[in-house]
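Examination of the molecular architecture
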Amino acid sequence: MLEILSYDFMRNAFLATTAIALFAPLLGVFLVLRRQSLLSDTLSHVSLAGVAFGILLSLNPTWTTLVVVIIAAIFMEFLRTVYKNYLELATAILMSAGLALAMFIINVAGSKTSISIDQYLFGSIVTITTPQVIMLYVIALIVLAGFIFFLRPLYVMTFDEDTALVDGLPVRLISIVFNVVTGLAIALMIPASGALLVSAIMVLPASISMLIGKSFKTVLVWSVIIGFIGMNSGLVISYYFNAPASSAITLIFVFLFLVVSLLKRILKK
């Protein structure tokens with residue numbers, strides 16, 4: 001273990017996984033409870049359009065991705081109101097549009113840059129830079145502060161929007177802000193986890209914690225604990241097996257989900 005920490009890139013990687021474990025599972029819990037699990041997958045695919053714009057305009061893809069994802073998150077809330085009873089249709093529309101736009105722009109950009117879209121599809125947490133780590137901790141602080149100060153409004157809105165409206169809560173504004181913060185988190189996670197697996201890293205810890213936690217707050221706490229265990233153990237396994245970190249982390253979460261599900265079923269008998 002000490003050997004791993006002797007490398008700068010691995011220290012950055014552990015700092016990154018710890019930061020992600022602080023906010024991704026928390027957002028994942030609300031996505032699952034709001035039945036918006038596909039939102040993370042949709043925004044991760046739309047983020048590829050942001051990367052494509054960065055390539056086309058010769059700008060830092062991180063910044064263009066942030067802009068595109070914020071716009072998509074706001075538009076997602078609009079689609080949610082239009083297709084209130086068919087939310088999966090809204091996510092399908094946005095996901096398809098994002099992927100189509102990314103493919104079109106990348107084709108137009110051609111060989112304009114040496115940046116490969118593959119690194120954004122699959123991610124590489126061991127190549128993450130110090131500025132990217134700092135940005136992950138910034139979004140972690142924003143998410144944690146939001147949960148501390150606005151936990152009750154989020155709770156009410158998640159379980160009963162009608163009650164939230166009666167209580168005078170700005171449901172639409174809260175929902176838009178939540179979508180935007182989720183979009184920002186996903187955009188900052190993409191270089192580490194990749195667009196294809198970012199959804200799993202957000203949703204799987206939440207799904208496992210919901211099998212363990214007995215109350216809403218304990219589910220949130222367990223999601224962070226499971227996220228921390230899965231992210232860091234997956235990183236260690238990827239180092240020793242020379243495997244992509246995002247895939248190792250996802251497999252750890254899948255393994256934990258199967259083990260917890262099996263144990264819960266056995267204990268019920």
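What comes next is a walk through the structure.

Analysis parameters
Residues numbered from 1 in each chain as written. Predicted model: local features only at pLDDT ≥ 70, side-chain atom pairs only at ≥ 80, totals over all residues. Heavy atoms only, no water. Patch = residues over 30% accessible without salt bridge, like charges linked within 9 Å, V, L, I, M, F, W, Y side chains within 5 Å. Areas by Shrake-Rupley, 256 points an atom, 1.4 Å probe, with all protein chains shown as cover. Salt bridge = Lys/Arg side-chain N within 4 Å of Asp/Glu carboxyl O. Lys, Arg positive; Asp, Glu negative; His and termini not counted. Charge placed at Lys NZ, Arg CZ, Asp CG, Glu CD. Helix = DSSP H or I, 4+ residues; strand = E, 2+ residues; numbered from the N terminus. Buried < 20%, exposed > 50% of the residue type's maximum accessible area, 1.4 Å probe, protein only. Phe/Tyr/Trp six-rings, centres within 6.5 Å; stacked < 30°, edge-to-face > 60°. Contact = heavy atoms within 4.5 Å. Expected span 1.5 Å × (residues − 1). 1 Å grid on protein atoms, 1.4 Å probe; cavity = no way out; pocket = protein on both sides within 12 Å on 5 of 7 lines; lining within 4 Å. Points joined across faces, edges and corners; volume = space filled by probe spheres on them. Nonpolar A, V, L, I, M, F, W, Y, C, P; charged D, E, K, R; others polar. Axes fitted to C-alpha atoms, helices over the stretch in contact; angles between N-to-C directions. Parallel < 35°, antiparallel > 145°, perpendicular 65-115°, else oblique. Core = buried A, V, L, I, M, F, W, Y, C linked by side-chain atoms within 4.5 Å.

Remarks on a positive patch on the surface
On the surface, a cluster of positive charge is contributed by Lys214, Lys264, Arg265 and Lys268. Inspection of the secondary structure puts Lys214 in the loop between α10 (198-212) and α11 (216-241).

Quick word on the environment of Pro205
With respect to the helices and strands, Pro205 occurs in helix α10. With a relative accessible area of 0%, Pro205 lands in the buried category. With 28 residues separating them in the primary sequence, Pro205 and Ser233 have C-alpha atoms 14 Å apart.

Focus on the packing of aromatic side chains
Summed over all chains, the structure comprises five aromatic pairs. With a centroid separation of 5.5 Å and 85° between ring planes, the pair formed by Phe30 and Phe216 is classed as edge-to-face. Of this pair, Phe30 sits in helix α2 (residues 8-33) while Phe216 is found in helix α11, placing the two residues 186 residues apart along the sequence. We classify Phe216 as buried; its relative accessible area is 14%.

Focus: the side chain of Ser193
Looking at where Ser193 falls in the secondary structure, it is placed in helix α9 (residues 171-193). Of the residues examined, Ser193 reaches a relative accessible area of 3% and is grouped as buried. Beyond its immediate chain neighbours, meaning those up to four positions away, Ser193 contacts Phe122, Gly123, Val198, Ile201 and Ser246.

Thoughts on α10
Taking 1.5 Å of rise per residue, the 15 residues of α10 would be expected to cover 21 Å, and the 23 Å separating its terminal C-alpha atoms lies within 8% of that figure. Here α10 lies mainly inside the structure; eleven of its 15 residues are buried. If you check which residues of α10 are buried, you get Val198, Ser199, Ala200, Ile201, Met202, Val203, Leu204, Pro205, Ala206, Ile208 and Ser209.

Here's the deal with empty space enclosed by the protein
Any empty space left between atoms is shown by rolling a water-sized probe over those atoms. A full pass over the atoms with the stated rule returns one cavity of 30 Å³ or more. The calculated volume of the largest cavity comes to roughly 30 Å³. Residue lining of the largest cavity: Val51, Pro61, Thr62, Thr65, Tyr120, Ala187, Ile190 and Pro191, and that is the complete set. Class assignment for the residues of the lining of the largest cavity results in six nonpolar, two polar and no charged.

What to know about a nonpolar patch on the surface
A contiguous nonpolar patch, built from Val221, Trp222, Ile225, Phe228 and Ile229 and spanning about 450 Å² of accessible area, is present on the exposed surface. As for its position among the elements, Ile225 is in helix α11. Residue class for Ile225 comes out partly exposed when judged on its relative accessible area of 37%.

As for the packing of α2 against α10
Relative orientation of the contacting elements α2 and α10 amounts to 70°, with a least axis distance of 7 Å. Judged on the interaxial angle alone, α10 and α2 are roughly perpendicular. For the pair α2 and α10, the contacting residues are Ile20, Ala24, Pro25, Leu27, Gly28, Val29, Leu31, Val32 and Leu33 in the first and Ile201, Met202, Val203, Pro205, Ala206, Ser207, Ser209 and Met210 in the second. Here the contact of α2 with α10 is composed, by residue class, of 14 nonpolar, three polar and no charged.

Quick look at the nonpolar core
In this structure, Ile20, Phe23, Leu136 and Met189 are the most contacted members of the largest nonpolar core, which totals 79 residues. When residues in this core are grouped by element, the largest group, 15 residues, is from α2. Residues within four places of Phe23 in sequence aside, it is in contact with Leu136, Ile139, Ala140, Val143, Ala185 and Met189.

What about the pattern of salt bridges?
By the definition in use, this model includes one salt bridge. As a salt-bridge pair, Asp8 and Arg11 come within 1.9 Å of each other at their nearest N and O atoms. On the criterion of helical spacing, the pair formed by Asp8 and Arg11 is a turn pair, its members being three residues apart in helix α2.

Side note on unusual backbone geometry
Despite not being glycine, Asn242 has its phi angle at roughly 50°, a positive value. Mapped onto the fold, Asn242 is located in the loop between α11 and α12 (245-268). Overall, Asn242 belongs to the exposed group, its relative accessible area being 74%.

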